[in-house]
Amino acid sequence: WVEEFYDIYDTESEALRNLASLPFRLVVNTSAGFSAERAFKRVKSRTYVDFYDRTAPARVDLPDASTDAPIVYGLYGSLQKPSSMILSENDRFDFLISIITGNPPLPKKLTSALCDEQQSFLFLGFNLAQWQLRLLMYVVLKRVQREYKSLALEREKEGLDEVALLVSLRGDKVHF
């Protein structure tokens, strides 16, 4: 059913191709489909694609990224290996446990980029109102004090509770 879903809804939009043309070096993708991968490879043929697989041993670290050869990293797995995907509540808990325990760990170059206090990020497609994502950000970022602001574009203002809004006051400098 997952493959059927992605066959119908995993479309490569003009907006996604426009994002791919921007000078991103690292893209953390929350969709297990191939639309981001296709869009980036169409615009930048040297795009490197990889994904987190909580069901397998740690993989080789990522290559150095550049604006001409960015990395598109599937945080929640990939349709390429369906067992890596986060599809159920149990999968979500297993994923969080794997991230927290570092078994397997996220790639060092990914966590280094996320923890670089001079980096600024644009979060698209993430729902920062979800407690699981806030927990993941807390574990991965380990309370890094950012020099620059990061922005989160949320589709629904009502979805943000007081806790989510406090993220911007805690020092993460995430502004909604």
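The structure under discussion appears in the preceding block.
Position numbers for residues start from 1 in each chain and track the written sequence from start to end. Local features in a predicted model are, by the rule used here, given only for residues with pLDDT of at least 70; side-chain atom pairs are given and counted only at 80 or more, and totals for whole chains, interfaces and linings are based on all residues. Where side-chain values are given, they derive from all heavy atoms of the structure, hydrogens and water being excluded.

**A closer look at the overall build of the chain**
On a plain count of helices and strands, the chain comes out with seven helices and six strands. Listing each helix as α and each strand as β along the chain from the N terminus yields α-α-β-α-β-β-α-α-β-α-β-α-β. Burial classification: accessible surface area is computed with a 1.4 Å probe over protein chains only, and a residue below 20% of its type maximum counts as buried, one above 50% as exposed, and the rest as partly exposed. The 176 residues of the chain split such that 40% are buried. Contact between two residues is taken to exist if any of their heavy atoms lie within 4.5 Å; hydrogens are not considered. Within the chain, residue pairs in contact and separated by at least 24 positions form 70% of the contacts whose partners lie at least 6 positions apart. Note on areas: Shrake-Rupley with a 1.4 Å probe; residue coverage comes only from the protein chains shown. When the accessible surface of the chain is summed, it comes to about 10,600 Å², and 54% of that surface belongs to carbon and sulfur atoms. By definition, any uninterrupted DSSP run of H or I lasting at least four residues is a helix, any uninterrupted run of E lasting at least two residues is a strand, and each is numbered from the N terminus.

**So, the packing of aromatic side chains**
Two aromatic rings, taken as a pair, are described by how far apart their centres are and by the angle between their planes. Pairing of aromatic side chains here covers Phe, Tyr and the six-membered ring of Trp, requires ring centres within 6.5 Å, and sorts the geometry by plane angle: under 30 degrees stacked, over 60 edge-to-face, intermediate tilted. As enumerated under the stated definition, the model contains two aromatic pairs in all. Geometrically, the ring pair formed by tyrosine 52 and phenylalanine 95 is edge-to-face, given 5.7 Å between the ring centres and 85° between the ring planes. With tyrosine 52 in the loop between β2 (48-51) and β3 (71-74) and phenylalanine 95 in helix α4 (residues 89-101), the pair connects residues that are 43 residues apart, well separated along the chain. Overall, phenylalanine 95 belongs to the buried group, its relative accessible area being 4%. Seen from their ring centres, tyrosine 76 and phenylalanine 95 are 5.3 Å apart, and the 85° between their planes marks the pair as edge-to-face. In this pair, tyrosine 76 is assigned in the loop between β3 and α4 and phenylalanine 95 in helix α4, connecting sequence segments 19 residues apart. One aromatic cluster is present, built from ring pairs that chain together Tyr52, Tyr76 and Phe95. Comment: the charge-over-ring label is applied if NZ (Lys) or CZ (Arg) is within 6 Å of the ring centre and within 35 degrees of the ring normal. Between the NZ or CZ atom of arginine 59 and the centre of the ring of phenylalanine 51, over which it lies, the distance is 4.2 Å.

**Some details on the environment of leucine 87**
Relative to the helices and strands, leucine 87 is located in the loop between β3 and α4. A sequence separation of 85 residues divides leucine 87 from valine 2, and the C-alpha atoms of the two residues are 8.9 Å apart. Those residues in contact with leucine 87, other than ones at most four positions away along the chain, are Trp1 and Val2.

**Brief notes about a nonpolar patch on the surface**
Here a patch means residues that are over 30% exposed by relative accessible area and free of salt bridges, tied together within 9 Å if like-charged and within 5 Å if nonpolar (Val, Leu, Ile, Met, Phe, Trp, Tyr). Each salt bridge in this description consists of a side-chain nitrogen of Lys or Arg and a carboxyl oxygen of Asp or Glu lying within 4 Å of one another. Nonpolar side chains collect at one region of the surface, where Phe93, Ile97, Ile100, Trp131, Leu135 and Tyr138 lie side by side and expose about 570 Å² of accessible area between them. For the nonpolar patch, the elements supplying multiple residues, two or more each, are α4 and α6 (131-141). Tracing the backbone through its elements, the reader meets phenylalanine 93 in helix α4. Residue phenylalanine 93 is classed as partly exposed on the basis of its relative accessible area, which comes to 36%.

**Examining the sheet that holds β2**
Pairing between the strands of a sheet comes from backbone hydrogen bonds, and it takes one of two forms, parallel or antiparallel. One open sheet holds the three strands; their spatial order is β1-β3-β2, and the pairing between them is parallel. Of all the strands in the sheet, just β1 (26-29) and β2 have a single pairing partner and so form its edges. In this sheet, neighbouring strand axes are inclined to one another by 20° on average, regardless of whether the strands run parallel or antiparallel. Pairing analysis gives four bridges linking β2 to β3, with the strands arranged parallel. Within β3, the position partnered with phenylalanine 51 by the bridge is glycine 74. Strand pairing is assigned whenever DSSP identifies at least 2 bridges connecting the two strands. Geometry is summarised by axes, namely lines fitted to C-alpha atoms with helices restricted to the contacting stretch, and by angles between N-to-C directions that run from 0 to 180 degrees.

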